[in-house]
Amino acid sequence: MKPVPPATSLRRAPVQRRSAERLTRILDACADLLDEVGYDALSTRAVAQRASVPIGSVYRFFGNKRQMADALAQRNLERYTVRVTERLGQTGERGGWRTAMDVVLDEYLEMKRTAPGFSLVDFGNQIPVGARAEPNHRVADRLTELLSGYLDREPDEDLRRVFLIAVETADTLVHLAFRVAPEGDERIIDEAREMLRAYLARVLD
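Keep in mind that what you see is a predicted model, and the values were worked out from it rather than measured.

Caption draft 1: Region of the structure containing the overall build of the chain. A count of helical and extended segments in the chain gives nine helices and zero strands. Helices (α) and strands (β) of the chain occur, in sequence order from the N terminus, as α-α-α-α-α-α-α-α-α. Counting over 205 residues, the chain shows a buried share of 47%. A separation of at least 24 residues holds for 69% of the contacts in the chain among residues at least 6 apart in sequence.

Rendered as structure tokens:
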């Protein structure tokens, strides 16, 4: 099970600071509009207007709204990784993999509840509906890289498979929780946490 290459949605990577700031505004506008109008009604023109940039600036980076959503998903993954890394740095090695699992799940839930556009795009699992496999592989790959040292385990195929199963399980159950309740049904989230602990205890203890 080899790592999945990172997604590349940008037509052109920003080089200058001004260009990078413009790209940030475009992705921020995309995220806000996803929450307001949904993916089907999203348009590159509306994003350009919300970001206060010429439409040509949007097309400089993206050929269509799908590429924008993909780039937003990639940015979400990068920000998620930073959040998890910072939280793990605060906890040290207290609690081992159980602490790490709680951090991974809690930070995902926090982004699900607060990050603009995340409920529709997350890490690429939702756009288009049904295209779930590759993003979950990327999340599992990232967690393998991030947590292998924390767990004192080799980032090998076995560990990657463990995290892929955990990610797929959490993905399905968290999405169920948020279909049942806008902020995520806590009873379903608790059940998901217990299932993950039971599975990971068998393979990580």
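That was the structure; now back to the text.
Caption draft 2: Structural view of the nonpolar core. Among the nonpolar cores identified, the biggest contains 37 residues, and Tyr80, Leu143 and Leu147 are the most heavily contacted of them. Looking at this core, the elements with two or more residues in it are helix H4 (65–91), helix H5 (96–114), helix H7 (133–151), helix H8 (157–180) and helix H9 (186–204). By residue number, the principal contributor to this core is H8, which donates ten residues. Every residue in contact with Leu143, bar those within four places of it in the chain, is listed here: Tyr80, Val104, Ser148, Phe163 and Val167. Counting residues in hydrophobic clusters, the runner-up holds 23 residues, among them Leu23, Ile26, Ala51 and Phe62.

Caption draft 3: Up close: helix H1 (residues 17–37). With 21 residues, H1 extends 30 Å between its outermost C-alpha atoms, agreeing within 8% with the 30 Å of an ideal straight helix rising 1.5 Å per residue. Along H1, the residues that are buried comprise Ser19, Leu23, Ile26, Leu27, Ala29, Cys30, Ala31, Leu33 and Leu34. Looking at the buried residues of H1, the elements they touch are helix H2 (44–51), helix H3 (55–61), H4 and helix H6 (118–121). Within two residues after H1, Gly38 carries a phi angle of roughly 85°, on the positive side.

Caption draft 4: Quick peek at unusual backbone geometry. The phi dihedral of Asp122 is positive, around 35°, even though this residue is not glycine. Along the chain, the position of Asp122 falls in the loop between H6 and H7. Since its relative accessible area comes to 0%, Asp122 is described here as buried. Unlike most non-glycine residues, Asp152 shows phi in positive territory, near 55°. Mapping Asp152 onto the fold places it in the loop between H7 and H8. On the accessibility criterion, Asp152 (70% relative accessible area) is exposed.

Caption draft 5: Examining the packing of H8 against H9 more closely. Contact pair H8 / H9: the axes reach a minimum separation of 9 Å and the direction vectors enclose 170°. Taken together, the axes of H8 and H9 are roughly antiparallel relative to one another. Here Leu159, Arg161, Val162, Ile165, Ala166, Thr169, Ala170, Leu173, Leu176, Ala177 and Val180 of H8 lie close against H9, whose contacting residues are Ile188, Ile189, Ala192, Met195, Leu196, Tyr199, Leu200, Val203 and Leu204. The residue inventory of the contact of H8 with H9, partitioned by class, reads 18 nonpolar, one polar and one charged.

Parameters at a glance
Residues numbered from 1 in each chain as written. Predicted model: local features only at pLDDT ≥ 70, side-chain atom pairs only at ≥ 80, totals over all residues. Heavy atoms only, no water. Helix = DSSP H or I, 4+ residues; strand = E, 2+ residues; numbered from the N terminus. Buried < 20%, exposed > 50% of the residue type's maximum accessible area, 1.4 Å probe, protein only. Contact = heavy atoms within 4.5 Å. Core = buried A, V, L, I, M, F, W, Y, C linked by side-chain atoms within 4.5 Å. Expected span 1.5 Å × (residues − 1). Axes fitted to C-alpha atoms, helices over the stretch in contact; angles between N-to-C directions. Parallel < 35°, antiparallel > 145°, perpendicular 65-115°, else oblique. Nonpolar A, V, L, I, M, F, W, Y, C, P; charged D, E, K, R; others polar.

Geometry only, nothing functional implied.
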